Structure formats: structure tokens, C-alpha cells
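Working through the structure, step by step
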Amino acid sequence: MREETAKRLFEYRKANGYSQEELAEKIGVSRQAISKWERGESSPDTENLIALSRLYNVTIDEMINTENEPVKAEKAADAEKQQPEQNDNTNNSETEETTADEPAQAHVSFRNGIHIHDGKDKVDIGFNGIHIESKNGEAVHIGSGDVQVEGIDEKYIFSRGKGDKLFHALLPLSVIIAYLIIGFTFEQGWALGWLLVFIIPIAESFIAAVKTKNPSAFAYPVLVAAVYLTVGMFEKIWHPTWIMFLTIPVYYIIADFIKPNKKTKDDASAL
């Protein structure tokens, strides 16, 4: 898929305030499919393009071929018909979304995991994995089958340079080996050693932040989650250490002040 099309799909999703998981649920595909579309690794088929255009209340041509800045869609009748019905058991305490027209409010929930949403940044830790998305588009998804780190450099998705591929391959392998050693060597090693997996997104995003000179590219929410879980599981201190999650929006506010001037598209693609 063309880089311009992938970029448009990403921009429309962010303009409408959806995370990759939320958009996947809306149109009935997997989160990995959304991620591949936005990285240009695959293309949505005709049926999915129609679903996206209805959801965003634009034509397919407007969505992928024009240069107009995407805006939040008004709720169209066709889009509402295709939305899956919400669970009737959902109550106000589980509502974690803030629309673009509402003021940002931090919401912390411990129902079925740990969920921190402040209207812009989202941290969800549950049985299906760990999912973090920042307002600028940086995202880290840690599931049972994969670890995915996505970064945005001045609105452009960055990619690894050739020199990073060896590190990208060896880092997860090293983490797995270390986990096996800890698991076989120490009591409760299997139960606690999995925390090593946080090293992967933290190291990857740190390198991306250094290369792009953009602190927003660093997966700070993952670092916070790693510290919180490590302290909780080793020291049994879960409260009030959860307050550290409230530093996430503060970090990105500071990062926005110190980030460099906008880079060109060619500069971002060269990383």
C-alpha cells in the first residue's frame, strides 16, 4: 500500500479519537490488521474501505486520495447501524472514553485489570496484554504472541534503519533466554521473570527517541507500568504507587515543550 494511503488511514483514526483496538472492534477486524494498514504492510479490502468510509462519514476517495485534513466525523446513520451493540452491563464506572468535545479527565479503573485514561493517553493492563497509546500516536502493545512498538516522528511513522535490525532480533531473544534461566533457577522465577518483557519496548522506544531527538517517542507509559508492576509483585506495594500513572500526561506535556522542530518527510523516512 502507498505510504500516503497508510498515513491517511492513521490520520483519520487519530482525528476520530479511536485507538487501534477500538477501531478494530468498530469494523470487525483485528488490531494487527489496523496496525499493518497504517504501516503500509497491507491494504484494507473493499469491504473494509466501505466500513471505514461509513464510520468516518466520508467517501472512499475523500478518505484516501485527497489532501484535506481529516476531521472528526459526525455520527452518520449508516455508521451507527454497523456499530456492534454495547454490553448492557457496562456502567458508568467503566466508561473510559473522552470525546474531543469534552474536557480531558483522568480516569483510573481497577476492574478486570488496570486502566488509566485521561482523554488523550491510554494505559490498559489486563489478561489480554498491555496496551499503551499516547496522544501523539506512539503505541506499545504487549500480547501473548507479540510485542509491538509504534512511534510517530512529527506525524510520520518512523521505521528502523538497517543497522537496528540485528539489535531488534537479538533483544527479544536475549530476554527469552534470560527468562528461561530465571524460571529454571529461582523459586517463583516463572511468575516474576516475565517482567523482563518490558525491557523490549523500553529499549526500542528509547533508541527511537534518541535517534529522532523526540522524547515523545519514548514509551514512558511502559516504563511506568514496568516500575509499578515490579514494585507491586516484589514488594507487595500496590497503593499508593498507582499514582505514578498520573505522571504520564505530565511527561508528554514536558516532551512537547522540548521536542525539536518539525522534520521533513524525507528525514523521518531515513531513520
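Structure: above.
These numbers were taken from a predicted model, which means no experiment stands behind them. (Residues numbered from 1 in each chain as written. Predicted model: local features only at pLDDT ≥ 70, side-chain atom pairs only at ≥ 80, totals over all residues. Heavy atoms only, no water.)

Residues spaced three or four apart along an α-helix point in a common direction, a consequence of the helix completing one turn every 3.6 residues. Every buried residue of helix H4 (residues 46-56) is listed here: Asn48, Leu49, Ala51, Leu52, Ser53, Leu55 and Tyr56. Following H4 by one or two positions, Asn57 has its phi on the positive side, about 60°. (Buried < 20%, exposed > 50% of the residue type's maximum accessible area, 1.4 Å probe, protein only. Helix = DSSP H or I, 4+ residues; strand = E, 2+ residues; numbered from the N terminus.)

Turning next to the pairing of strand E2 (residues 114-117). Residues Ile114 and Ile116 of E2 are buried on one face, and the alternating residues His115 and His117, pointing to the opposite face, are buried as well. When strand E1 (residues 107-109) meets E2, the two strands line up antiparallel, connected through three bridges. Each bridged residue has a counterpart across the sheet, and for Ser109 the counterpart in E2 is His115. (Pairing = 2+ DSSP bridges.)

Before going further, it helps to examine the packing of helix H1 (residues 3-15) against helix H3 (residues 31-39). Close contact between H1 and H3 brings their axes to 6 Å; oriented N to C, the two are set at 125°. When the interaxial angle is binned, H1 and H3 end up oblique. Together, Ala6, Leu9, Phe10 and Arg13 of H1 and Ile34, Trp37, Glu38 and Arg39 of H3 make up the contact between the two elements. A class-by-class count of the residues in the contact of H1 with H3 yields five nonpolar, no polar and three charged. (Axes fitted to C-alpha atoms, helices over the stretch in contact; angles between N-to-C directions. Parallel < 35°, antiparallel > 145°, perpendicular 65-115°, else oblique. Contact = heavy atoms within 4.5 Å. Nonpolar A, V, L, I, M, F, W, Y, C, P; charged D, E, K, R; others polar.)

Take the packing of aromatic side chains next. Within this structure, the stated rule accounts for 10 aromatic pairs. On the basis of an interplanar angle of 25° and a centroid distance of 5.3 Å, the ring pair of Tyr12 and Tyr56 is categorised as stacked. Remark: Tyr56 occurs in helix H4 and Tyr12 occurs in helix H1; sequence separation between them is 44 residues. Classification of Tyr12 as buried rests on a relative accessible area of 6%. For Tyr56, a relative accessible area of 2% puts it in the buried group. (Phe/Tyr/Trp six-rings, centres within 6.5 Å; stacked < 30°, edge-to-face > 60°.)

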